[in-house]
Amino acid sequence: QVQFVESGGGLVQSGGSLRLSCLASGTTFSINTMGWYRQCPGKQRELVASITKFGSTEYAESVTGRFTISRENAKKAVYLQMNSLKPEDTAVYYCNSGPPALVLRPENGFWGQGTQVTVSS
């Protein structure tokens, strides 16, 4: 059974920082691409950042230069350092494993509870 446990969210003022953590189980973590996703109320879930098993990273244009994704294979952990936060970053943040195009398919039901990030202006 695949499980993801996200933590580290909270309420922060605009311009502040947060570090999200995700612990995964039940996956072949070290060979999978890992990603952080977010969902705002009334909107579809979107990819924020991803990191391959080789450490190559990709970011959504809206977070490039502000967010950094990293991973620790030994701990089956993936992190998201978020700096210069903006109110539009407010969302529930989730992590997941696998190619983002497959992860975002509607039939993918393997999601954790997520962690709420709220950025006040």
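Colleague: Which residues make up the packing of aromatic side chains, and what are the values?
Modeller: Across all of its chains, the model carries two aromatic pairs by this definition. With centroids separated by 5.4 Å and ring planes inclined at 85°, the aromatic side chains of Tyr-37 and Trp-111 adopt a geometry described as edge-to-face. With Tyr-37 in strand E4 (residues 34-39) and Trp-111 in the loop between helix H1 (100-103) and strand E10 (115-120), the pair connects residues that are 74 residues apart, well separated along the chain. Here Tyr-37 falls in the buried class, since its relative accessible area comes to 0%. A ring pair is formed by Tyr-94 and Trp-111, whose centres lie 5.7 Å apart and whose planes are at 75°; its orientation type is edge-to-face. Separated by 17 residues along the polypeptide, Tyr-94 in strand E9 (residues 91-97) and Trp-111 in the loop between H1 and E10 bring together distant segments of the chain. Tyr-94 gets classed as buried once you look at its relative accessible area, which sits at 10%. An aromatic cluster of at least three residues, connected via ring pairs, comprises Tyr-37, Tyr-94 and Trp-111. Taking NZ or CZ as reference, Arg-45 lies 4.1 Å from the ring centre of Tyr-94, over its face. Above the plane of the ring of Trp-111 lies Arg-45, whose end atom (NZ or CZ) is 3.9 Å from the centre.

Calculation criteria
- Residues numbered from 1 in each chain as written.
- Predicted model: local features only at pLDDT ≥ 70, side-chain atom pairs only at ≥ 80, totals over all residues.
- Heavy atoms only, no water.
- Phe/Tyr/Trp six-rings, centres within 6.5 Å; stacked < 30°, edge-to-face > 60°.
- Helix = DSSP H or I, 4+ residues; strand = E, 2+ residues; numbered from the N terminus.
- Buried < 20%, exposed > 50% of the residue type's maximum accessible area, 1.4 Å probe, protein only.
- Lys NZ or Arg CZ within 6 Å of the ring centre and 35° of its normal.

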